[in-house]
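Here is how the chains run, residue by residue.
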Amino acid sequence: AIYWSEGKFDVYAYYPYSKPDSVDEYLFEVSLDQSTEESEESLNGYEASDLMWAKATAVTQMDAVPLTFSHKMSKVVINLIKGDEYNGDIPEEAVVKIHSTVPAASVDLTSGMVTKNGYVPAQTITAKKLETGVYTAIVVPQRLDNKKPLFEILSHGVSYLVESKFVFRSGVQHTINLTMSNNPEKVRIEIGGEIDNGWQ
């Protein structure tokens, strides 16, 4: 989007492409199934959820406008770790889900500010598998102040469910280590380091 004032331009850029009704209140939703593959008509569920944003102000010419894009959503990388009490290897066919998060946001494209949409209920996101035992998902920035069912591993008809509080921060990659046990009620969660807007 380009906005002109007194001979100068402000440029707001975002990806993936869409046609927002409002620059001040762009309604954006992450995909609930981020494991889907890319097609000729659409991006894969993960990439379609990764909102990128950039801004240039007081531009006087439009030949080449330098833009530095940043991630506006929150990224989660989930590592499944074999605990001492877990028999066998980490399952190849495991499905990882993220519960209790609101998938919709309002984005102010003039500032890049993201706000969780309070009118949309919390739902469940299916994460994308990167390799055996490693999964990732894009989540709308939000704070979970109370312990809620948050991460779930589904494997061979067994559900391993982990409750936790959490703060999903805008532009930050969070690392979550889930140590599996033979007892589905004894999965341990460890919250690792954060990467601020340098993630791929």
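Structure first, text after, so check above.
Described in the following lines is the structure provided in the data block. (Residues numbered from 1 in each chain as written. Predicted model: local features only at pLDDT ≥ 70, side-chain atom pairs only at ≥ 80, totals over all residues. Heavy atoms only, no water.)

**A short note on the side chain of His99**
Summarising the element assignment, His99 is placed in strand β7 (residues 95-101). Overall, the relative accessible area of 15% leaves His99 in the buried class. (Helix = DSSP H or I, 4+ residues; strand = E, 2+ residues; numbered from the N terminus. Buried < 20%, exposed > 50% of the residue type's maximum accessible area, 1.4 Å probe, protein only.)

**Points about the pattern of salt bridges**
Under the counting rule described, the total for this entry stands at three salt bridges. The salt bridge involving Asp145 is made with Arg143; its shortest N-O contact spans 3.8 Å. Classification of Asp145 as partly exposed rests on a relative accessible area of 49%. Arg143 sits in the exposed class, given a relative accessible area of 52%. (Salt bridge = Lys/Arg side-chain N within 4 Å of Asp/Glu carboxyl O.)

**Some remarks on unusual backbone geometry**
Only a minority of non-glycine residues have a phi that is not negative, and only a minority of peptide bonds are not trans. Of note, the bond from Tyr15 into Pro16 is cis; its omega dihedral lies within 30 degrees of zero at 5°. Along the chain, Pro16 turns up in the loop between β2 (8-15) and β3 (26-29). In this structure, Ala58 is a non-glycine residue whose phi angle is positive, near 55°. Of note, Ala58 is situated in strand β4 (residues 52-59). When its relative accessible area of 44% is taken as the criterion, Ala58 is described as partly exposed. Of note, Ser100 is a non-glycine position whose phi angle comes to about 65°, a positive value. Along the chain, Ser100 turns up in strand β7.

**Notes on the sheet that holds strand β13 (residues 142-155)**
Read across the open sheet, the four strands follow the order β10-β7-β13-β14; overall the sheet is antiparallel. Edge positions in the sheet fall to β10 (123-126) and β14 (158-168), since each has one partner strand and no second. On average, each strand axis in the sheet is inclined to that of its neighbour by 25°, with strand direction left out of account. Where β7 meets β13, four bridges bridge the pair, whose relative direction is antiparallel. Each residue of the ladder has a partner; that of Val95, found in β13, is Leu154. (Pairing = 2+ DSSP bridges. Axes fitted to C-alpha atoms, helices over the stretch in contact; angles between N-to-C directions.)

**Here's the deal with the packing of aromatic side chains**
Under the definition given, this model contains four aromatic pairs. Note on Tyr26 and Phe28: the rings are 6.0 Å apart at their centroids and 65° apart in plane angle, and the pair reads as edge-to-face. Plain terms: the ring middles of Phe151 and Phe166 are 6.4 Å apart, the flat faces sit at 90° to each other, and that makes the pair edge-to-face. With Phe151 in strand β13 and Phe166 in strand β14, the pair connects residues that are 15 residues apart, well separated along the chain. Like Phe151, the residue Phe166 is buried in the burial classification. Each residue in the set Tyr14, Tyr26 and Phe28 is aromatic and connected to the rest through ring pairs, giving one cluster. (Phe/Tyr/Trp six-rings, centres within 6.5 Å; stacked < 30°, edge-to-face > 60°.)

**Focus on the pairing of strand β15 (residues 172-180)**
A regular strand places its side chains so that they alternate between the two faces of the sheet. With nine of nine residues buried, β15 is to be regarded as a mostly interior element. Because side chains alternate across β15, one face comprises the buried residues Val172, His174, Ile176, Leu178 and Met180, and the other comprises Gln173, Thr175, Asn177 and Thr179, equally buried. Direction of pairing for strand β6 (residues 74-82) relative to β15: parallel, over a ladder of eight bridges. Directly across from Lys75, in β15, lies its bridge partner Gln173.

**What about the sheet that holds β3?**
The three strands are arranged β3-β8-β9 in an open sheet whose pairing can be described as antiparallel. Edge positions in the sheet fall to β3 and β9 (113-116), since each has one partner strand and no second. Shown here is a sheet whose adjacent strand axes are inclined to one another by a mean of 30°, direction ignored. When β3 meets strand β8 (residues 104-108), the two strands line up antiparallel, connected through four bridges. Note that in β8 the partner of Phe28 across the bridge is Ala105.

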